[in-house]
Amino acid sequence: MLPPEVTLTECSKRFGERLALRKANLTIAAGETIVLLGPNGAGKSTLLRLAAGLLRPTAGSARINGVDATSAPRNLRAGMAYAGHRSQLYRGLTARENLELHARLHGQPDIDVLALLEQAGLGDRAEERIDGFSRGMLQRLALVRATAHHPVLLLLDEPASGLDADGRALLDQTLRAGLGIRTQVIASHDHDLPTRLAVRTIRLAAGSIA
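Residues numbered from 1 in each chain as written. Predicted model: local features only at pLDDT ≥ 70, side-chain atom pairs only at ≥ 80, totals over all residues. Heavy atoms only, no water.

So, the environment of Leu2
Working step 1: Tracing the backbone shows Leu2 in the segment before β1 (6-15).
Working step 2: Given the relative accessible area of 71%, Leu2 is considered exposed.
Working step 3: The sequence separation of Leu2 and Leu163 amounts to 161 residues, and the corresponding C-alpha distance is 30 Å. (Helix = DSSP H or I, 4+ residues; strand = E, 2+ residues; numbered from the N terminus. Buried < 20%, exposed > 50% of the residue type's maximum accessible area, 1.4 Å probe, protein only.)

Below, the structure is given as structure tokens:
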């Protein structure tokens, strides 16, 4: 599957009285990587969730390959990966079991989960339940899980939060590996990330693209 184009046109999202995103116009080309920068409350997470089809716009549109993001076809959904503020890992399962479950859900039971755990620096913790994992360990596990099924559209919300130096290196390595191969949208407070990856920066402020 080829990486998709993501397009927001006059896209707004309101939560009650609060306008979280205001008439955003943005085209992310197929295979492009962009980093969304801005303070808390700027609209980064809202834009990311609209692009993922997890929210429906109040006005305007969010489309993936020209199709409404909330009704993207099954094959395109299967090629997407979204990782939000919370790891959404399964407590009570081991690190290995979390990755194996993810692989089965995506119809790829042959994924080498032990190699992924080694990549995340968790090879020696494979059989431990994740309940006792630190924030950084959970973030690293969530990151390798997000890319385990080789998505063509990767959306990450503050993936560097809680990561140590090794974790940030893993994040950079993961994103570099996807340059030109998948469409990547990352919301981040890390202002050096676009420079390290040499990619386009989109700045948001008070719900608007600056």
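The structure having been displayed, the exposition proceeds.
Comments concerning the layout of surface pockets
Working step 1: One number sums up the size of the largest pocket: a volume of about 500 Å³.
Working step 2: Lining the largest pocket are 19 residues; nearest its centre among them are Met80, Ala81, Tyr82, His102 and His106.
Working step 3: Within the residue set of the lining of the largest pocket, elements represented by two or more residues are α2 (74-78), β6 (80-83), α3 (95-105) and α5 (135-147).
Working step 4: Its residues placed into classes, the lining of the largest pocket shows 12 nonpolar, five polar and two charged. (1 Å grid on protein atoms, 1.4 Å probe; cavity = no way out; pocket = protein on both sides within 12 Å on 5 of 7 lines; lining within 4 Å. Points joined across faces, edges and corners; volume = space filled by probe spheres on them. Nonpolar A, V, L, I, M, F, W, Y, C, P; charged D, E, K, R; others polar.)

A word on the nonpolar core
Working step 1: Among the nonpolar cores identified, the biggest contains 35 residues, and Phe133, Leu141, Leu156 and Leu175 are the most heavily contacted of them.
Working step 2: Those elements that provide at least two residues to this core are β3 (33-37), β6, α3, α4 (113-119), α5, β7 (153-157), α6 (165-178) and α7 (193-197).
Working step 3: For this core, the element with the highest residue contribution is α5, accounting for six residues.
Working step 4: Residues within four places of Phe133 in sequence aside, it is in contact with Ala95, Leu122, Arg125, Glu128, Leu138 and Leu141.
Working step 5: Counting residues in hydrophobic clusters, the runner-up holds 28 residues, among them Leu8, Cys11, Leu26 and Ile202. (Core = buried A, V, L, I, M, F, W, Y, C linked by side-chain atoms within 4.5 Å. Contact = heavy atoms within 4.5 Å.)

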